[in-house]
Amino acid sequence: MAATLGGRAARRLRLLLSALKPGIQVPRAGPAAAFGSSVTSAKAEVNGVHLHYLRTGDGEHAVLLLPGMLGSGETDFGPQIEKLNKKLFTVVAWDPRGYGHSRPPDRDFPVDFFERDAKDAVDLMKTLKFKKVSLLGWSDGGITALIAAARYPSYVSKMVIWGANAYVTEQDTEIYQGIRDVSKWSERTRKPLEALYGFDYFARTCGKWVDGIEQFKHLPDGSICRDLLPLVQCPTLIIHGEKDPLVPRFHADFLHRHVRGSRLHLMPEGKHNLHLRFADEFNKLAEDFLQ
């Protein structure tokens, strides 16, 4: 696929395929095993499905970690689950329906799938008896967080997002098509997701995601949630890696302009998975902002 793209896009694609989701190794014994006894693994029935989550810490401030495309708490947020301050925060990392261990059902992508995820996320935290929550959303999880903050402003305290976009352009869809064939991803990128899903489900769901995200290109202004951004009321930190091969800088700038009072923090060496590659720096930024 990379060979069919222009030179600049091909370089971006190679960067993406080599570093999209290095994640952590997924233990076959169970999703909490990689993190030790301080992390609990459970499911809750929410909106007709059983949603899986990891939970750690006993702080008063509840924080929900929202993973990206094909992601789960265990594959996307190892350094945050392990190292975010457990005295200040109660950290919950969820698997959206059809992802991770929140199966069945299989993942599908109706045009309202981000809205559905936002409702599921908020309702999960309400089911767990949290009165308010802050959101840390990466990539697709950042989009979900934006929608949740806009739809449930009284429930969301603060929000940190990175690698997110409020609309889809032709440039975006070119990159999305480039990642459709998971057999071309690097072994390091594929391995945790293959261990989690099996190759067939992984490959099939990635293709369905590409089709799902491209639906938005055909909506007015390619909108995913751009009309909702003025409704966000919570303090918001937008972090952007300036070497992100999947989400160009203009998306972060757009979010910063349209989310009232938001802050934009640029990481010059950051890529799409900046919270994994620069975990200590990211965790400090997040903790300082959430306090």
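As shown above, the structure is provided for reference.
Residues numbered from 1 in each chain as written. Predicted model: local features only at pLDDT ≥ 70, side-chain atom pairs only at ≥ 80, totals over all residues. Heavy atoms only, no water.

Trainee: I would appreciate a short explanation of the packing of helix 7 (residues 187-197) against helix 8 (residues 199-214) in the present structure.
Mentor: For any two helices packed against each other, the geometry comes down to the angle between their axes and how far apart the axes lie. Taken N-terminus to C-terminus, the directions of helix 7 and helix 8 make an angle of 110°; their axes are 7 Å apart at the nearest point. Relative to helix 8, the element helix 7 is oriented roughly perpendicular. The hand of the helix 7/helix 8 crossing is right-handed. Across the interface between the two elements, Arg190, Leu193, Glu194 and Tyr197 from helix 7 touch Phe199, Tyr201 and Phe202 from helix 8. Along the lines of polarity and charge, the residues of the contact of helix 7 with helix 8 split into 5 nonpolar, no polar and 2 charged. (Axes fitted to C-alpha atoms, helices over the stretch in contact; angles between N-to-C directions. Helix = DSSP H or I, 4+ residues; strand = E, 2+ residues; numbered from the N terminus. Parallel < 35°, antiparallel > 145°, perpendicular 65-115°, else oblique. Left-handed = near helix turned anticlockwise from the far one by under 90°. Contact = heavy atoms within 4.5 Å. Nonpolar A, V, L, I, M, F, W, Y, C, P; charged D, E, K, R; others polar.)

Trainee: What is the right way to look at unusual backbone geometry in this model?
Mentor: Trans peptide bonds make up the majority, and among non-glycine residues the majority have a negative phi. The residue after Arg103, namely Pro104, is reached through a cis peptide bond having omega -5°. Following the sequence through the fold, Pro104 ends up in the loop between strand 4 (89-94) and helix 4 (113-127). The linkage connecting Pro104 with the following residue, Pro105, adopts the cis geometry, with an omega of 10°. As for its position among the elements, Pro105 is in the loop between strand 4 and helix 4. With a phi angle near 50°, Asn47 is a residue other than glycine that sits in the positive phi range. Residue placement: Asn47 occurs in the loop between strand 1 (39-46) and strand 2 (49-56). Residue Asn47 is classed as partly exposed on the basis of its relative accessible area, which comes to 38%. Unlike most non-glycine residues, Lys129 shows phi in positive territory, near 75°. Since its relative accessible area comes to 71%, Lys129 is described here as exposed. (Buried < 20%, exposed > 50% of the residue type's maximum accessible area, 1.4 Å probe, protein only.)

Trainee: Help me understand the pairing of strand 5 (residues 133-138), please; the structure alone is not making it clear to me.
Mentor: Consecutive residues of a regular strand have side chains that alternate between opposite faces of the sheet. Of all 6 residues in strand 5, 6 are buried, a share of seventy percent or more. By the alternation rule, side chains of strand 5 split into Val133, Leu135 and Gly137 and Ser134, Leu136 and Trp138, which are all buried. Pairing analysis gives 4 bridges linking strand 3 (residues 61-66) to strand 5, with the strands arranged parallel. Bridging from a neighbouring strand, Leu65 pairs with Leu136 of strand 5. Of the pairings in the sheet, the one linking strand 5 to strand 6 (residues 156-162) comprises 5 bridges and is parallel in character. Residue pairing across strands places Val133 opposite Val156, the latter belonging to strand 6. In the classification by handedness, the crossover that spans strand 5, the intervening helix 5 (residues 140-151) and the parallel strand 6 is right-handed. (Pairing = 2+ DSSP bridges. Right-handed = clockwise from strand over helix to strand, strands pointing away.)

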